Amino acid sequence: MKTVALPDGARVPVIGQGTWNMGEKKSGHTNEVAALRLGIDLGMTLVDTAEMYGDGGAEKVVGDAIEGQRDRVFIVTKAYPHNASRTGLPKACDRSLKRLRIETIDLYLLHWREKTPPLEETVQAFEKLRSAGKIKRWGVSNFDVKDMKELRAIENGHNCAANQVLYNLENREIEFDLLPRLTDHRSPITCAVIAYSPVGHGRGLLENATLKRIAKRQDATTAQIALAWLLRQPDVIAIPKASDKNHVRDNARSIEIKLTKENLAELDKEFPPPKTKKSLPML
Ligand SMILES: NC(=O)c1ccc[n+]([C@@H]2O[C@H](COP(=O)([O-])OP(=O)(O)OC[C@H]3O[C@@H](n4cnc5c(N)ncnc54)[C@H](OP(=O)(O)O)[C@@H]3O)[C@@H](O)[C@H]2O)c1
């Protein structure tokens, strides 16, 4: 599996696995665990979850999926903003560690930004957790350029390892200024970029006629084309969520697809890149 280096040099696969909507129903548990295990076997060893998903249920699914293979996986989880205070974050972290049944979170993210607690307080709380060994590194999610600049101006704000943002063919807003600034290693706000909802969150992107045409020519699926389009960029990590094993297999193989110049031009025509600054949407 192709990898990307995080700012501290740790390497993670360019395709990981999402878990939103997992852990919501008991009846889905066995399938979800099996899908994540298959994904890990196929090299998608970065697993993204959050305390929010399934009200902690998704973290429990991940805990079961990684049992006996903790060392092979890179666990990303996220805290609610209302838990990201000096006293709240250590408690939320302990709850996540317990559900995941691990000693350390590899990457702990602030799920999105709210007015309170102040960013300074969250960064301090992240740093304390890092010193205590409960997390290896921390980052943010749904942060636009302005938020990243504010973060960078805070003491230890430069330790932010990643920003997880909405990015797929239909949502190219980050290409205007956020993506180039995050991926330029000389930029003050540089960090890893994790693209969420990379195949469009099951909302119809995969039914698009242009995608279907390109998929047919490439002998691939539309999801594979959507992922290959993201992954042609060396610094982007994509985290598709798939509970269906066939989807998991497709996603792992998407890395092998090489889109041609013609394919890319057709995709640009159908899903034009942003010409102006648009605020960062979130799901
Ligand atoms: N930080 C944030 O605010 C935030 C927001 C949204 C998402 N996320 C993270 O990003 C992950 C991915 O985003 P997402 O779950 O919103 O959307 P997504 O991964 O773009 O789409 C998931 C949907 O696509 C289907 N799918 C996956 N692979 C497929 C394939 N090869 N062929 C056909 N269908 C396929 C899945 O079906 P099956 O499950 O049936 O296989 C599921 O219905 C989340 O799970 C979560 O971990 C983070």
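Trainee: When you look at the site of the ligand in this model, what are you seeing that I'm missing?
Mentor: In the neighbourhood of the ligand, 29 residues make up the surrounding shell, with Gly18, Trp20, Gly202, Ala223 and Lys241 lying closest. Looking at which element gives the most residues to the shell around the ligand, the answer is helix α9 (residues 245-253), with three residues. Of the residues belonging to the shell around the ligand, the class tally is eleven nonpolar, 14 polar and four charged.

Trainee: How should the nonpolar core be read in this particular structure?
Mentor: Note on soluble globular proteins: their nonpolar side chains tend to be buried together. In this structure, Tyr108, Ala195, Ile237 and Ala238 are the most contacted members of the largest nonpolar core, which totals 88 residues. Among the elements that line this core, the one with the most residues is helix α8 (residues 222-231), at eight residues. Ignoring anything within four residues of it in the chain, the contact list for Ala195 reads Val165, Tyr167, Asn168, Leu230, Val236, Ile237 and Ala238.

Trainee: Is there a simple way to think about unusual backbone geometry in this case?
Mentor: As a rule of thumb, non-glycine residues mostly have phi less than zero, and peptide bonds are mostly trans rather than cis. The omega torsion across Thr116 and Pro117 is -5 degrees, close enough to zero to call that bond cis. Its place among the elements puts Pro117 in the loop between β5 (107-110) and α4 (119-131). You will see that Ser197, though not glycine, has its phi angle at about 50 degrees, which is positive. Here Ser197 shows up in the loop between β8 (192-196) and α7 (209-217). Given 23 C-beta atoms within a 10 Å radius, Ser197 is considered buried. Of note in the backbone geometry, Asp219 takes a positive phi value of approximately 55 degrees without being a glycine. Note that Asp219 resides in the loop between α7 and α8.

Trainee: Is there a simple way to explain the packing of helix α2 (residues 57-65) against helix α3 (residues 88-100) in this structure?
Mentor: Their axes nearest at 7 Å, the elements α2 and α3 cross at an angle of 45 degrees. Judged by the angle between their axes, α2 and α3 are oblique. Residues Glu59, Lys60, Val62 and Gly63 of α2 form the contact with α3, whose own contacting residues are Ser96, Arg99 and Leu100.

Trainee: Could you clarify how one ought to interpret the environment of Pro117 in this entry?
Mentor: For Pro117, a count of 20 C-beta atoms within 10 Å corresponds to the buried category. For the pair Pro117 and Arg86, spaced 31 residues apart in the sequence, the C-alpha separation amounts to 8.6 Å. Setting aside chain neighbours within four positions, we find Pro117 in contact with Ala84, Ser85 and Thr122.

Trainee: Help me understand the sheet that holds β8, please; the structure alone is not making it clear to me.
Mentor: Across a sheet, paired strands are connected by hydrogen bonds in the backbone, their directions being either parallel or antiparallel. Pairing within the open sheet is parallel, and its seven strands lie in the order β3-β4-β5-β6-β7-β8-β9. Strands at the two margins of the open sheet, each flanked by one partner only, are β3 (46-48) and β9 (236-238). On average, each strand axis in the sheet is tilted by 25 degrees relative to the strand beside it, whichever way the strands run. Here strand β6 (residues 138-141) pairs with strand β7 (residues 162-166) via two bridges, running parallel. Within the sheet, the bridge partner assigned to Ser141 lies in β7 and is Gln164.

Trainee: What am I meant to see in the packing of helix α1 (residues 29-41) against α9 here?
Mentor: As a packed pair, α1 and α9 sit with axes 9 Å apart at the nearest point and diverge in direction by 20 degrees. Relative to α9, the element α1 is oriented roughly parallel. The element α1 and its partner α9 pack so that their crossing is right-handed. For the pair α1 and α9, contact is made by Ala34, Ala35, Leu38 and Gly39 and by Lys245, Val248 and Ala252, respectively. For the contact of α1 with α9, the residue count by class is five nonpolar, one polar and one charged.

Trainee: What am I meant to see in the pairing of β5 here?
Mentor: A regular strand places its side chains so that they alternate between the two faces of the sheet. A two-sided burial pattern is seen for β5, the buried positions comprising Leu107 and Leu109 on one face and Tyr108 and Leu110 on the other. Of the pairings in the sheet, the one linking strand β4 (residues 74-79) to β5 comprises four bridges and is parallel in character. The residue of β5 that forms the bridge with Lys78 is Leu109. What joins β4 to β5 is α3, and the crossover it makes is right-handed. Sheet topology places β5 next to β6; three bridges connect them, and they run parallel. Each bridged residue has a counterpart across the sheet, and for Leu110 the counterpart in β6 is Val140. Between the parallel pair β5 and β6, the chain is carried across by α4, and the sense of this crossover is right-handed.

Trainee: Can you help me understand α8 in this one?
Mentor: At 3.6 residues per turn, the α-helix brings residues three or four places apart onto the same side. The element α8 is extensively covered by neighbouring structure, given that ten of its ten residues are classed as buried. When α8 is considered as a whole, its buried residues turn out to be Thr222, Ala223, Gln224, Ile225, Ala226, Leu227, Ala228, Trp229, Leu230 and Leu231. Tucked inside the fold, the buried residues of α8 contact β8, α7, β9, α9 and α10 (261-270).

Trainee: Any chance you could explain the environment of Arg72 here in plain terms?
Mentor: With respect to the helices and strands, Arg72 occurs in the loop between α2 and β4. In sequence terms Arg72 and Asn163 are 91 residues apart; their C-alpha atoms lie 23 Å from each other.

Conventions adopted
- Residues numbered from 1 in each chain as written.
- Predicted model: local features only at pLDDT ≥ 70, side-chain atom pairs only at ≥ 80, totals over all residues.
- Near = placed C-beta within 6 Å.
- Helix = DSSP H or I, 4+ residues; strand = E, 2+ residues; numbered from the N terminus.
- Nonpolar A, V, L, I, M, F, W, Y, C, P; charged D, E, K, R; others polar.
- Core = buried A, V, L, I, M, F, W, Y, C linked by C-beta atoms within 7 Å.
- Buried ≥ 20, exposed ≤ 12 C-beta atoms within 10 Å, placed from the backbone.
- Contact = placed C-beta atoms within 7 Å.
- Axes fitted to C-alpha atoms, helices over the stretch in contact; angles between N-to-C directions.
- Parallel < 35°, antiparallel > 145°, perpendicular 65-115°, else oblique.
- Pairing = 2+ DSSP bridges.
- Left-handed = near helix turned anticlockwise from the far one by under 90°.
- Right-handed = clockwise from strand over helix to strand, strands pointing away.

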